[in-house]
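Structural overview
Okay, here's what each chain looks like letter by letter:
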Amino acid sequence: MADTKATPKAQKATTAPKDPTAPKAPKAPKRLPLPEQELMYSGHVGCLGCGACHAMRYTLKATGPRTILSIPACCWAVMPGVFPNTCFSIPHVNTAFEVTGASISGIRAALDAKGVKDVAVVGWAGDGGTADIGIQALSGMVERGTRAIYVMYDNEAYMNTGIQRSSSTPVGAWTTTTPVGATRDYKKAPKKNIVEIMVAHGIPYTATASVAWPKDLIEKVQKAMSVQGPSFLHIFAPCPTGWRHPPELTLEVARIATYSRVFPIFEVERGVYKVKQHKKEATVKEYLQMQGRFRHLTEEEIAAIQASVDQAWKVLLAKEKFTTEMARA
Amino acid sequence: MVDRPDYRTWRDVPPMPVCWYPSALGNPTGGWRTYRPVIHMDKCIHCAQCWQGCPDAAIHWVDDSPEVDYEQCKGCGICAHECPVDTIEMVLEVKE
Amino acid sequence: MRKVITGNYTASYAAKLCRAEVVAAYPITPQTSIVEKLAEFVSSGEMKSQYIKVESEHSAMAACISAAQVGARTFTATSSHGLVLMHEMLHWAAGARLPIVMANVNRAIAPPWSVWADHTDSMSQRDTGWMQFYCESNQEVLDTIIMAYRVCEQPDVLLPAMVNMDAFILSHTSEVVNVPDIKEVDAFLPPFSPEWRLDIEHPKSFGSLAGPASFYMEWRYKIQHAMDVAAKRFKEESRAFERHFGRPWGGLIDCYRTADADAVMVAMGTMASTAKQAVDDMRDKGHRVGLVRIRAFRPFPTADLREALKGAKVVGVMDRSHTFGHEGPVFTEVKASLYNGAARPPMAGFTVGIGGRDVLDTTIAGLYGRLYDALDRGLGREVSWIDLKGDEEGVA
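Residues numbered from 1 in each chain as written. Chains lettered and ligands numbered in written order. Predicted model: local features only at pLDDT ≥ 70, side-chain atom pairs only at ≥ 80, totals over all residues. Heavy atoms only, no water.

Examining the overall build of chain C
Counting secondary structure elements, chain C contains 13 helices and 16 strands. The C-alpha atoms of chain C give a radius of gyration of 21 Å, which matches the 21 Å a tight globule of 396 residues would have. Here chain C holds 396 residues, and 61% of them are scored as buried. Residue pairs at least 24 apart in sequence account for 80% of intrachain contacts in chain C once pairs closer than 6 positions are excluded. A total of about 15000 Å² of accessible surface is found on chain C, and carbon and sulfur atoms cover 53% of it. Looking at chain C, you have 42 positive and 48 negative side-chain charges, and the mean spots of the two groups are 3 Å apart. (Helix = DSSP H or I, 4+ residues; strand = E, 2+ residues; numbered from the N terminus. Rg over C-alpha atoms; globule rule 2.2 N^0.38 Å. Buried < 20%, exposed > 50% of the residue type's maximum accessible area, 1.4 Å probe, protein only. Contact = heavy atoms within 4.5 Å. Areas by Shrake-Rupley, 256 points an atom, 1.4 Å probe, with all protein chains shown as cover. Lys, Arg positive; Asp, Glu negative; His and termini not counted. Charge placed at Lys NZ, Arg CZ, Asp CG, Glu CD.)

Here it is, written out as structure tokens:
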């Protein structure tokens, strides 16, 4: 006995998505700071104030509807909702935890086999699924030059499973697996520098971006789309639930992260660094004090973090200087 | 409200888990709210920072103005915090 | 056209003839010549395929899964640890209902390292929802890969299939293979055009979260149902295969001289082919013996086995693997399939050929001898490790 197909009524819904927020005219009205079309819409089950939601919303505004999205296990695997809910109006596939790099290579290969060239392929993984369990597949995808955009949205822990540490958790942070306790076992290992790892692969284009700077994020995604090869975007996405800050401060936390140089905004194009300088400044202490996950830190520990942030900033600027000079030569 | 397939048995569902737009709109996350944003339009400067900052795409831009979708708004308060003229008030939800 | 080619090259030819659009593969002994030959076909232009040089078998299967989700016909090949590394993704491919076809060269699992023939690799994947075929000849490898695409891609099947061949015995041994012209295969195998796929014009989300009350169980049931449909289809399509290629594909099992046999052996892979020689030798001596070769282990041919074994007075099952803490898995499943059937002859399990230990026709003749002993003196030891150095101990 053959299975019956989905009801014809349901089938119709796929052919012409009636997005209530899509403009009738293709041009965005003058007032809107970003492209108007929504490809991620409400009804998802993300936490209040979730930074990863901003990241997704802005990225899809940049890529437009001709995009295929591959998402491994992470917050975003669950956020579209329980079946039959989905908050995307673009084709999207869920995959296993560690495979995003391999998955987007597969999607691009299939599109190439079918002669379809004008579709953006986006792998969308968390920090755990990228820097830890997913690093092999990411490395493979970049090394063999797949034309796809790999986005790591960074909420600095395994948030979907309840705030366990990842290699992207910053020094000083409390997580459930780096609890403070009598031994002060908060995260001591330095945050893995995934963008540098991408640079070491000789990737054509990689950049950091933040939900604090949506225009910059969108420009970077669009730049990545034009790359005839792999690109990697590291998007800073604060998590009120895991970082212990009020949900309304998500974008504020992201801004202070950049002003304090904890999360600098820069890009590396064919090995040449370009750093965005912001006029406003903040101390690392201001950044840390916004979040409950750092509240156990002593003045000395905060000073040590400030020192390492300062050092990293110096190194970054030096890289910008010498790579720019070498490119000019 | 939202057109969703009506699955009952193993014969009805597609061969694998697959779904499509606009199904999540049938999940009214407005029920999560403790506070609701109220935009006082008299001071609004139509900068769209509230529209831009909403993680749920629950503020629509209609006739050059923000319109909160209270079916979906979770009340996170980002819009109120981001508003440069402080014209969005977070009001405690009270059962009628 | 008749070629003299190894089992490995046969698999490469089959993938080429089936016009696999995406190949994602990682090398492992003794599969390497499959992927090398495919690379050669692609670089010469005779195979129009996207070849992804993945960095592990786990990624190979992940890439095939995503490519198949876009609607491409995919192929991969592996062996032993590569297959076992893919384990998570094998489950995924079946659950996602993607008709990926894979050639697996049956090789032993470490430690200790062994590159030789053993069925532990594929047997340990029998729960994943993949169809499994065990071949006794290179011709069968070719024919089964073609049939696998034809059946697996049907909209009410949509399951992945692995075509197994024994390490070195088939993979590296040249045999005469009738390799059809690609036009003949085109006439038998239409392009892959699935309804449910990643498509810009009809955007969909695949692989959502499903709660206990809503449909997880139903989707699992549908995999079982698809296996039942597949079992029927393989038989039906065998006739179509015969029309196109001049030889039937054959059924889910292959019965050799079983009609009047008292003692019947059940086996898979090349040792079943050797067993046919043993059957002939014993028949020459006047013993009424027969062999059932299981070709499809998944879907498991319960009805066919009950029919084939109904007249047997004693049955032996040869396993080229062993489930530790129990017995050979083929023995377990054959035994279980007869339990509620009409006939329940005494059955003995033989764990043989582990790690590539040779399974000779004389070895198998000895097993038939044991079956006759069982008839005369009762079953005695139910499970035996054959040609073990030293005596077996423990529970019979």
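Looking at the interface of chain B and chain A
Listed as interface residues are 43 residues of chain B and, on the opposing side, 54 residues of chain A. Between chain B and chain A lies a buried interface of about 4100 Å² when both sides are counted; carbon and sulfur atoms form 59% of it. At the boundary of chain B with chain A, the tally comes to one salt bridge. Where E82 of chain B meets R255 of chain A, a salt bridge forms, and the shortest distance between an N and an O atom there is 2.9 Å. Inspection of the region where chain B meets chain A yields 19 residue pairs in polar contact (both at pLDDT 80 or more). Elements with a contribution of two residues or more to the side of chain B that touches chain A: β1 (18-19), α1 (49-53), β3 (59-62) and α2 (78-82) of chain B. The element that contributes the greatest number of residues to the side of chain B that touches chain A is α1 of chain B, accounting for four residues. (Buried area = accessible area lost by both parts, 1.4 Å probe. Salt bridge = Lys/Arg side-chain N within 4 Å of Asp/Glu carboxyl O. Polar contact = N/O pair within 3.5 Å; in protein donor to acceptor, adjacent residues only side chain to side chain.)

What about the sheet that holds strand β4 (residues 74-79) of chain C?
All names here are of chain C. Strand order in this open sheet of seven strands is β3-β2-β4-β5-β7-β6-β13, and the pairing throughout is mixed. For this open sheet the edge positions go to β3 (50-52) and β13 (296-298), each flanked by a neighbour on one side alone. Across the sheet, the axes of successive neighbouring strands diverge by a mean angle of 20°, strand direction being ignored. Judged from the six bridges that link them, strand β5 (residues 101-106) and strand β7 (residues 161-166) form a sheet pairing that is parallel. For N106, the partnering residue across the bridge sits in β7 and is D166. Across the face of the sheet, helix α3 (residues 57-70) comes into contact with β2 (22-24), β3, β4 and β5 while running at roughly 165° to β4. (Pairing = 2+ DSSP bridges. Axes fitted to C-alpha atoms, helices over the stretch in contact; angles between N-to-C directions.)

Overview of the environment of M41 of chain B
All names here are of chain B. With respect to the helices and strands, M41 occurs in the loop between β2 (35-39) and α1. M41 sits in the partly exposed class, given a relative accessible area of 35%. Expressed as a C-alpha distance, the spacing of M41 and S65, which sit 24 residues apart in the sequence, is 8.6 Å. What M41 contacts, discounting residues up to four positions off in sequence, is H46, S65 and P66.

Examining the packing of aromatic side chains
Residue and element names in this part refer to chain C. Under the counting rule described, the total for this entry stands at 26 aromatic pairs over all chains. Here Y13 and F41 contribute two aromatic rings whose centre-to-centre distance is 5.1 Å and whose plane-to-plane angle is 65°, an arrangement assigned as edge-to-face. Here Y13, found in helix α1 (residues 7-17), pairs with F41, found in helix α2 (residues 32-44); they are 28 residues apart in sequence, far enough to count as distant. Exposure class is identical for Y13 and F41. Each is buried. Summarising the aromatic geometry, the rings of F133 and F234 are spaced 4.8 Å apart at their centres and angled 55° between planes, so their arrangement reads as tilted. (Phe/Tyr/Trp six-rings, centres within 6.5 Å; stacked < 30°, edge-to-face > 60°.)

Let's talk about the interface of chain A and chain C
Of the residues lining the interface, 46 residues belong to chain A; the matching set on chain C comes to 43 residues. Together, the buried faces of chain A and chain C total about 3500 Å²; carbon and sulfur atoms form 61% of this surface. Linking chain A to chain C there are three salt bridges. Residue R66 of chain A pairs with E201 of chain C through a salt bridge whose shortest N-O separation is 3.6 Å. Run the count over chain A and chain C and you get 15 residue pairs in polar contact (both at pLDDT 80 or more).

Structural notes on unusual backbone geometry
A negative phi angle is the norm for most residues apart from glycine, just as the trans form is the norm for most peptide bonds. Here the amide bond leading from Y21 of chain B into P22 of chain B is cis, since omega sits at 0°, within 30 degrees of zero. Within the fold, P22 of chain B resides in the loop between β1 and β2. T29 of chain C connects to P30 of chain C through a cis peptide bond whose omega is -5°. A positive phi is found at D63 of chain B, a non-glycine position, where the angle reads about 50°. Of note, D63 of chain B is situated in the loop between β3 and β4 (65-68). Here the phi dihedral of S80 of chain C falls at roughly 45°; this positive angle occurs in a residue that is not glycine. As for its position among the elements, S80 of chain C is in helix α4 (residues 80-85).

Some remarks on the pattern of salt bridges
Within this structure, the stated rule accounts for 52 salt bridges over all chains. With a shortest N-O distance of 2.6 Å, D56 of chain B and K74 of chain B are connected by a salt bridge. Highlighted residues: D56 of chain B in the loop between α1 and β3 and K74 of chain B in the loop between β4 and α2, separated in sequence by 18 residues. Relative accessible area serves as the criterion here: at 1%, K74 of chain B is assigned to the buried category. For E46 of chain C, the salt bridge identified is with K16 of chain C, shortest N-O distance 2.9 Å. With E46 of chain C in the loop between α2 and β3 and K16 of chain C in helix α1, this residue pair connects regions lying 30 residues apart in the sequence. Classification of K16 of chain C as buried rests on a relative accessible area of 14%. In the salt-bridge network here, residues are joined through shared partners; they are E136, E140, D254, K276, R293 and R295 of chain C.

Points about the domain arrangement of chain C
Residue and element names in this part refer to chain C. The assigned domain composition of chain C is domain 1 (2-245) and domain 2 (253-385). Using only C-alpha atoms to locate each centre, domain 1 and domain 2 end up separated by 28 Å. If you look at the interface, domain 1 gives 24 residues, while domain 2 gives 26 residues. Surface buried jointly by domain 1 and domain 2 totals about 2000 Å² across both partners, of which 54% is contributed by carbon and sulfur atoms. (Domains from an automatic or database assignment.)

Remarks on the sheet that holds strand β12 (residues 289-294) of chain C
All names here are of chain C. Taken in spatial order, the six strands of this open sheet run β10-β12-β11-β14-β15-β16, and their pairing is mixed. Unpaired on one side and paired on the other, β10 (253-256) and β16 (383-385) mark the two borders of the sheet. Neighbour-to-neighbour, the strand axes of the sheet open up by a mean angle of 20°, direction not taken into account. Bridge count for strand β11 (residues 263-267) against β12 is five bridges, and the pairing is parallel. Counterpart to V264 in the pairing with β12 is G290. Against the sheet, helix α10 (residues 270-284) makes contact with β10, β11, β12 and β14 (314-319), and its axis sits at roughly 170° relative to β12, the strand it touches most. Its contacts with the sheet put helix α12 (residues 329-339) on β11, β12, β14, β15 (347-351) and β16, and the angle it makes with β14 is roughly 145°.

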